[in-house]
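# A look at the structure
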Amino acid sequence: MREEFDVNLTPKDMYRFNMYHTYHGFQGIFSIFMAILILVLTITTWEDLESTRRSIYIVLCVVFACYIPLNLWIHAKLQIQRSEQLRSTQHFTVDERGVTISQNGEEAILEWGKVFKVVGTKNNLLVYSTKINAYVFPKRDLGEHEKGVCAMMREHLETYRLHIK
């Protein structure tokens, strides 16, 4: 069995990957917790607060709730703009050996034994080679290959590495 497809990453794809990765880690969870904590604190003590503190609490809440997503969007756009590899079409082959990426005459293989984990999100299939690095397969680019790719991943990877439906 063999599946081949091309991937053309957009800033939106990188943003979605960065959002998933961040909000499933400490920084994202902490920022959500702090935004909620400050919001609850502001609401429950509103009458006792002077206008300066109200303003500070509201600004802090907005910073914790909006700073990370905004920063990730800017970072994703810059990442795509600055990297010729990310802007260029990437050709992937998924077969018995693993996941092979071909681009500009170069080729690299991620063998099944070296796949850290695979995560399926609403819009992407993320194939992690380490805890922080992943190949991003937008589902719009996978198209009809998605079922075959997922089937091979289920066949070659341990269940604890698979987080796909």
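Here's a quick rundown of the structure. (Residues numbered from 1 in each chain as written. Predicted model: local features only at pLDDT ≥ 70, side-chain atom pairs only at ≥ 80, totals over all residues. Heavy atoms only, no water.)

Even without being glycine, Asn104 reaches a positive phi, approximately 50°. Structurally, the position occupied by Asn104 is in the loop between strand 3 (98-103) and strand 4 (106-111). (Helix = DSSP H or I, 4+ residues; strand = E, 2+ residues; numbered from the N terminus.)

The 4 strands are arranged 1-2-3-4 in an open sheet whose pairing can be described as antiparallel. Strand pairing shows two members of the sheet lacking a second neighbour, strand 1 (3-7) and strand 4, which therefore form its edges. Between one strand axis and the next, the sheet turns through 20° on average, direction left out of account. Relative to strand 3, strand 2 (residues 90-94) runs antiparallel, the two being bridged by 4 bridges. Looking across to strand 3, one finds that His91 is bridged to Ser102. Running over the sheet, helix 6 (residues 146-156) touches strand 1 and strand 2 and is turned about 120° from strand 1. (Pairing = 2+ DSSP bridges. Axes fitted to C-alpha atoms, helices over the stretch in contact; angles between N-to-C directions. Contact = heavy atoms within 4.5 Å.)

Right, let's talk about the environment of Asn71 for a bit. Looking at the element boundaries, Asn71 is found in helix 3 (residues 51-82). Accessibility expressed as a relative area gives 35% for Asn71, which makes it partly exposed. Spatially, the C-alpha atom of Asn71 lies 30 Å from that of Gly143, the residues being 72 residues apart in sequence. (Buried < 20%, exposed > 50% of the residue type's maximum accessible area, 1.4 Å probe, protein only.)

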